[in-house]
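# Understanding the architecture of this molecule
Now for the letters of each chain:
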Amino acid sequence: MSITTKYVLGGVGGIALALGLAGGAMADNHGKKFGFGHTATPEELSQFVSPLPDGRGLPKGSGTVMQGEKVYTQHCLACHGANLEGGIGDRLTGGRGTLVNNDPTKAPVKTVESYWPYATTLFDYIKRSMPFTQPGSLSNDDVYAVSAYILHKANIVDANAELNQDNLAKVDMPNKNGFKPAGR
């Protein structure tokens with residue numbers, strides 16, 4: 001037997017031995033509690049929202065465009081720019097009509113305004129992921145407000161708009177018909 005074969009067989013045998021020991025250890029611990037973690041409380045679970053396009057699952061709250069401008073300035077401007085033009089973070093507005101074009105030199109501009117079909121997606125993304133340095137730290141009112149501000153800057157809602165759990169899903173997004181069902 002060559003030295004190479006000996007080490008390969010030893011390696012395979014070692015792996016088999018390690019797997020056998022690990023399997024035995026797992027079998028010994030089946031059903032045991034390890035003493036860490038806890039059952040999520042209703043308060044902890046209330047932080048997780050997953051709204052559907054029709055608005056089901058949106059939490060209570062509301063926010064105006066004016067309030068949203070303040071939230072945006074404090075929490076979003078550094079990454080997304082003073083005019084929502086992007087920077088470290090994605091561009092949020094503009095790009096309408098760029099997703100489908102016949103000019104290969106003009107790349108699509110995917111923004112909230114040009115791409116997202118539902119306003120509830122905007123709420124959900126902000127609530128879960130923003131601000132980048134402290135995801136999930138904004139209140140529901142702050143998220144409704146900054147959503148209103150972004151949608152206003154995208155010319156989707158009026159300057160006096162107030163968004164809430166009852167009307168956010170009714171916002172008419174420019175790309176609402178831009179996706180086709182998967183046909184499953």
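As the structure is a computational prediction, the values presented were derived from the model and not from experiment. (Residues numbered from 1 in each chain as written. Predicted model: local features only at pLDDT ≥ 70, side-chain atom pairs only at ≥ 80, totals over all residues. Heavy atoms only, no water.)

This part takes up the overall build of the chain. Scanning the chain from terminus to terminus reveals six helices and two strands. Starting at the N terminus, the α and β elements of the chain follow one another as α-α-β-α-α-α-α-β. Counting the 184 residues in the chain, one finds 31% classified as buried. Contacts in the chain between residues far apart in sequence, at least 24 positions, make up 55% of those at least 6 positions apart. For the chain, the exposed area adds up to about 12,500 Å²; of that, 57% sits on carbon and sulfur atoms. (Helix = DSSP H or I, 4+ residues; strand = E, 2+ residues; numbered from the N terminus. Buried < 20%, exposed > 50% of the residue type's maximum accessible area, 1.4 Å probe, protein only. Contact = heavy atoms within 4.5 Å. Areas by Shrake-Rupley, 256 points an atom, 1.4 Å probe, with all protein chains shown as cover.)

Under the counting rule described, the total for this entry stands at four salt bridges. Here Asp124 and Arg128 are joined by a salt bridge, their closest N and O atoms 2.7 Å apart. Placement of both Asp124 and Arg128 in helix 5 (residues 119–129) is noted, with a separation of four residues, approximately one turn of the helix. Exposure remark for Asp124: the relative accessible area of 17% places this residue in the buried category. Look at Arg128 and you get partly exposed, because its relative accessible area is 43%. (Salt bridge = Lys/Arg side-chain N within 4 Å of Asp/Glu carboxyl O.)

Before going further, it helps to examine the confidence of the model for the chain. Chain-level statistics for the chain give a pLDDT mean of 86 and a share of 84% at 70 or above. Between residues 5–9, whose pLDDT stays under 50, and residues either more than four places distant or in other chains, the model counts two contacts. (pLDDT = per-residue confidence, 0-100.)

On to the nonpolar core. Core analysis: the biggest nonpolar cluster contains 31 residues, and Val112, Ile126, Ile150, Leu151, Leu168, Val171 and Met173 have the highest contact counts within it. Listing elements by their share of this core, those giving two or more residues are helix 3 (65–75), helix 5 and helix 6 (140–153). For this core, the leading source of residues is helix 6, giving seven residues. (Core = buried A, V, L, I, M, F, W, Y, C linked by side-chain atoms within 4.5 Å.)

Bringing unusual backbone geometry into the picture now. The linkage connecting Met130 with the following residue, Pro131, adopts the cis geometry, with an omega of -10 degrees. Topologically, Pro131 is positioned in the loop between helix 5 and helix 6. Positive phi is not limited to glycine here, since Leu84 has a value of about 60 degrees. Structurally, Leu84 is set in the loop between helix 4 (77–80) and helix 5. Accessibility expressed as a relative area gives 0% for Leu84, which makes it buried. Positive phi, close to 60 degrees, is recorded for Asn155, a residue that is not glycine. Considering the arrangement of structural elements, one finds Asn155 in the loop between helix 6 and strand 2 (162–164).

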